[in-house]
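# Commentary on secondary and tertiary structure
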Amino acid sequence: MQIFRTVLGDVPAEESGRILTHEHLLYGYPGAELDHRTVFDHPAAVERVSDQIVTGMIPNGYNTLIDMTPAEVGRHPQFMVDVAKRTGINVVAITGFFPERMGVPYYWRRQTVEELTDFFVRDLTEGMVFAWQQTPYKAGAIKIATGQESVFPKPSPVGAYGRHVHEVEDRLIRAAGKAAMATGCGINTHIDPMDFEVTNPGREQLEILDEVGMDLSKVIIGHAFVPPQVNMMREVLKMGANVQLDHIGIPWRVGSAEELDEAMANALIELIEDGYLNRIVLSFDRWFFNPRATVTETDPQLENEKVNLNYMFTSWVPRLKAKGVTDEQLDQIMIHNPRRILSIAV
C-alpha cells in the first residue's frame, strides 16, 4: 500500500488529489523567530493561511501540499496541523535543512553522517521536535539544499570532493539518502540558480545520493527551470531523477513573471517531446505567511508572497494548453508523478 505521511497521520496515496510539491505555509529566515517585529497571533495566522487554501487550492482540485520548510526556517508542526484540520487538505512536512550559507545551525554542523541520519529517521518515524519538545507529528519527506544564496548572492565555490557543495551540505545529503532508503520516503531539493554559472547543481546532488545507494527515481531536483537549463535537466533526467517546475508566476532571478513563465513553458514542452512527461512535477514555491520586519533593500518583500493560488489555472494551465498540452498530460504532472515519487510503501 502506498501512503502519504501527513502531519495528521498516514493517508492512502490515491486520496492525494492534485499535489503542490514545494510550498511554505509559514516561512522565516533563520533567526526571524527571535525578532520582536515578527511576533504573530497563531489563530489569526492559521485562519489567514487556511482562507488562501480554501479559495485557491480546493476549488482547483488540490488536496495535498508538501510543506518544504526546513527545520531552521520556521518549520512549525502545530501550525501545519492546525491548517490541515481547518482546511481538510493533506499537509506533508519535511525534515532537512537549508543551504549551509543560509542555514544549518552550528549545533547540526558538528554532527556526523550517522547522527544526521538518525535525526532524519526519527523525524519521519517518531515525530518532529519543536521548541525543545517532542511532538507526535511526523515528517513525510526529506529536503536537501545546496547553494551560495546569501544577502549578496554569488555562485558556490568548489567544496567537498571537488563539487560546488559545502562540506556540511555533503554530510547532510549523504544522511538524507541513507534516511530515505531506511524509511522509503522521497527527497525534494533546493538548488540556487546562481550555481548554473559554474556547475550542474542537480547532478552534483544526485552524484552524492547515488554514492550512498539512493534510488534516484525517488528524488526531485527543485528550481530546475529557474531559468530553464534544458541540457542540464536532460542530464539529471538521464540519471533517473525527476525535475520540478516551480516559481510559476514568481520572477526569481528573471525580469518578469511573464518572461519566466513563457521560458519555463517552452522548456516543459521540449522535455515532454523528449519523452520525460512522467518525470516532471509542478509547484509555486509560495510563502503563504512570512512574518517579517520592515522591507529594506537587503530584506525586500519577494514575489513568493504575492502570487495568487488561482494563477495556476487562470494563467499557467491556459498557457500550456495553448501550446498543445492535454488534460491527461497535466494530470500526469500534477497527480500521478508526485504521487509516485513522494508516497511511501507500507
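Our subject in this report is the structure included herewith. Within any chain, residue numbers begin from 1 and follow the written order of that chain's sequence. Whole-chain, interface and lining totals are the exception, using all residues; otherwise, since this is a predicted model, local features are given only for residues with pLDDT of at least 70 and side-chain atom pairs are given and counted only at 80 or more. Remark: hydrogens and water are excluded; side-chain values derive from all non-hydrogen atoms of the structure.

### Notes on the environment of alanine 179
With respect to the helices, strands and loops of the structure, alanine 179 is situated in helix H5 (residues 167–183). Remark: exposure states derive from per-residue accessible area (1.4 Å probe, protein chains only) relative to the maximum for the residue type, with buried under 20%, exposed over 50%, and partly exposed in between. Look at alanine 179 and you get buried, because its relative accessible area is 0%. Two residues form a contact once any of their heavy atoms are found within 4.5 Å. For alanine 179, the residues in contact, after removing those within four places along its chain, are Thr117, Phe120, Val121 and Ile142. Elements are defined by DSSP. Helices are runs of H or I of four residues or more, strands are runs of E of two residues or more, and each kind is numbered from the N terminus.

### Notes on the sheet that holds strand E13 (residues 344–345)
Overall, antiparallel pairing links the 3 strands, which are arranged E2-E1-E13 in an open sheet. Looking at strand neighbours, the two that pair on one side only are strand E2 (9–12) and E13, the edges of this open sheet. One ladder, built from 2 bridges, connects strand E1 (residues 2–6) with E13; its direction is antiparallel. Looking at E13, one finds that glutamine 2 is bridged to alanine 345. Pairing between strands is defined by DSSP: at least two bridges between the two strands are required.

### Thoughts on the nonpolar core
The nonpolar core is taken to be a set of buried Ala, Val, Leu, Ile, Met, Phe, Trp, Tyr and Cys residues, with the residues joined through side-chain atoms within 4.5 Å. Leu25, Phe225 and Trp316 are the most contacted members of the largest nonpolar core, which totals 93 residues. Examining the composition of this core, we find that 8 residues originate from one element, helix H8 (residues 257–273), more than from any other. Contacts of phenylalanine 225, omitting those with residues within four sequence positions, involve Met233, Val243, Gln244, Leu245, Leu260, Met264, Ala267, Leu268 and Leu271. Counting residues in hydrophobic clusters, the runner-up holds 12 residues, among them Phe4, Ile19, Ile341 and Leu342.

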